Amino acid sequence: MWMIFVAPVLAGPDVFGFGNGAAGALVVSDTQAPNAYQPVTSTRPAGASEVVVADGTPFPPGTLVLLHQTTGGTATPTFIQPPPPVDYLQMQVGQYEYARVLTQTAGTLVVNRPLLHGYRPGAQVVAVPEYTALTVEATGVIEAPPWDGSIGGIVALMVDGDLQLDGAIDASARGFRGADPDASAVYQGVCTELSDDPNEAGFKGEGIAGVGGVGRGTLTTGAGGANCGNAGGGGGGNAGYGGRGGNVADFGVLAERGGFGGGWAQPDYTSHALFGGGGGGADADDHPNASRGAAGGGLVLVSARDITGSGTIRAAGGAGINNIDDGASGGGAGGTIVVRVLDGLACSVVDAGGGRGGNVSDGQVSPGVAHGPGGGGGGGHAVVEALSPTCPRVVTGGVNGSFANTDPWGAQPGAIGVASVEAPSLVDADGDGVVRGSGGGPDCNDGDAAVFPGADEVCDGRDNDCNGAFDDGLPTSTFYADDDGDGFGDPDAPVEACGEVPGIVADATDCDDTSDTIHPGAEEVVLDGIDQDCDGEDRTSFEDTDPPDTDTDTDTDTDEGRRSSTGCNCEVAPRDGLAGWAWLARRR
């Protein structure tokens, strides 16, 4: 018995369009954080349908969730400026997808579709509100809580209607954390060039490989910390790399000791999105005044049918902290913003720019002695899917800090990130009110208004309700495969189906389902060794191939002048053997 199987429908970045509107309409006039978060605590491979999370408040069945591998890569520090690109694919970091919760019991969360990616500790599961309409008033802010090493840093929402944005959607400085400063080092007149000694160097900023200790070297997108002598921390990286931190104080030693800027990566936004890297910590060798590195921008994912207003969407990097007599910290890199609309998009700015490096003013203890300002954070990744959006996209690198407001003292700016406008992938070509997405979308056939999620399933060999299976839930009977399309089925290939759909028939009398010239009633070819008409044998005689003998001219002779296989009244005698029969067959 054959059955019709359908390949599993995988979860994906955009298969839920604008959501189902389950959260209703919302008006925001204050500061709100609408997402809920749970950290992933155990590794699960791609294709799994469950995720192990911390045993917190369960997400109710039907909740739309975002899975995001925020961090968890491994790497060794690099000491190059500008820094090299980061192999985020090899680290399997930044990957994300949506799914819907079926159940959550204790720490096991079961989703409705096999996972497209595998997830491990360093990932988080984020509940995504689905609104029918959303209004963010001028005083309103929708924000992400800061990333704390396990959860946070993400704003994700869907609006199956209009988003009126006059306030802000903000994940600025909510991404990877800036480094601690070095407040314990004691300047001894000599600094190890690439020191990892906490008595000589500031700490590295956090990046996709996590938190990485001390020293000037870049750890993926996290910036390096300053090396003694009041040097400045480097800027974090994302789509653009971070700038190097400023030089040591002018005490007659080699000047270049600032932290290296964070590395860069420019992934495909439909499947991967990165937080901005954290800025490197500064150095204080004689006073405990060095500043902490700035945090990078987080992640904003917004889908709405229409966005209007004068508000802002931000995931900018934080600014390095200014200092007086010691080194200043590096700026955080811009984060990632993906905005997707079906119709129009109007706002004042989509900002994923890098944060500036911290400034250093004239020293109180040593007036006129320059100390190291911070490097600027790299620009982030800002993508808009819309037709002619009016929102400007900002992904500039953060400016370097300066000494006494004029001298960069070796500090460098961050590099520009990536901004793009893409054609809408969430479209509704057939006008059934349900959009499709570039990854398949909720409308599995956007060329047929009768096919969409929730449509009635009919027996036509199609997936009318877009649930990943065709003709499901309908009563079935036994049919037979008709692979050669001759209208006759293979009795050895039964198929349970609701009716005759393309490829199957009710008939079960075909003796060869690989050839459309072989079936009951087909014309038999004599002496070819093939049973064309499925009667169980090949025809070996021409005897019953002639029409009945008749006397058409009333001369008492029948069929005179006809070439006959019977051997009588023949103009041409048959040749000896089978070759003669074959010749006669060709002559007929």
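As a reminder, the structure under discussion sits directly above these lines.
Residues numbered from 1 in each chain as written. Predicted model: local features only at pLDDT ≥ 70, side-chain atom pairs only at ≥ 80, totals over all residues. Heavy atoms only, no water.

Novice: Lay out the nonpolar core in plain terms, naming residues and giving numbers.
Specialist: Grouped together as the largest cluster of nonpolar side chains are 58 residues, with contacts concentrated most on Leu66, Leu134, Leu163, Val300 and Ile307. When residues in this core are grouped by element, the largest group, eight residues, is from strand β12 (residues 154–165). Judged by nonpolar contacts, the second largest core, of 15 residues, contains Val65, Val111, Leu115 and Ala123. (Core = buried A, V, L, I, M, F, W, Y, C linked by side-chain atoms within 4.5 Å. Buried < 20%, exposed > 50% of the residue type's maximum accessible area, 1.4 Å probe, protein only. Helix = DSSP H or I, 4+ residues; strand = E, 2+ residues; numbered from the N terminus.)

Novice: Tell me about unusual backbone geometry, and please be specific about residues and values.
Specialist: At the junction of Gln81 and Pro82, the peptide bond is cis and its omega measures out at 0° in the coordinates. Within the fold, Pro82 resides in the loop between β5 (64–69) and α1 (88–91). Despite not being glycine, Ala173 has its phi angle at roughly 55°, a positive value. Looking at the element boundaries, Ala173 is found in the loop between β13 (168–170) and β14 (299–308). Ala173 sits in the partly exposed class, given a relative accessible area of 32%. Positive phi outside glycine occurs at Ser388, with the angle close to 50°.

Novice: Can you lay out the packing of aromatic side chains for me, pointing to particular residues and giving the numbers?
Specialist: Taken as a whole and assessed by the stated rule, the structure comprises four aromatic pairs. Centre to centre, the rings of Phe79 and Phe260 are 6.3 Å apart; their planes meet at 75°, and the pair counts as edge-to-face. In this pair, Phe79 sits in the loop between β5 and α1 while Phe260 sits in the loop between β13 and β14, placing the two residues 181 residues apart along the sequence. Judged by relative accessible area, Phe260 falls into the buried class, the value being 6%. When the ring of Trp147 is compared with that of Phe275, the centres are 5.9 Å apart and the planes differ by 80°; the resulting orientation is edge-to-face. Residue Trp147 is found in the loop between β11 (141–143) and β12, and its partner Phe275 is found in the loop between β13 and β14; the two are separated by 128 residues along the sequence. Here Trp147 and Phe275 have matching classes, each one buried. Among the aromatic residues, ring-to-ring pairing joins Trp147, Phe176 and Phe275 into one connected group. (Phe/Tyr/Trp six-rings, centres within 6.5 Å; stacked < 30°, edge-to-face > 60°.)

Novice: So what's going on with the state of the cysteines? Residues and values would help.
Specialist: Summed over all chains, the structure comprises three disulfides. Residue pairing for Cys347: its cysteine sulfur links by disulfide to Cys391, the two sulfurs lying 1.9 Å apart. Of this pair, Cys347 sits in the loop between β16 (336–341) and β17 (349–351) while Cys391 sits in the loop between β18 (381–385) and β19 (393–394), placing them 44 residues apart in sequence. Classification of Cys347 as buried rests on a relative accessible area of 9%. Assessed through its relative accessible area of 1%, Cys391 is described here as buried. Here Cys459 pairs with Cys498 through a disulfide, and the sulfurs are 2.0 Å apart. Between Cys459 and Cys498 the sulfur-sulfur dihedral comes to about 95°; the bridge is accordingly right-handed. In this pair, Cys459 is assigned in the loop between β20 (418–422) and β21 (477–481) and Cys498 in the loop between β22 (494–497) and β23 (504–505), connecting sequence segments 39 residues apart. Residue Cys459 is classed as partly exposed on the basis of its relative accessible area of 36%. (Disulfide = S-S within 2.5 Å.)

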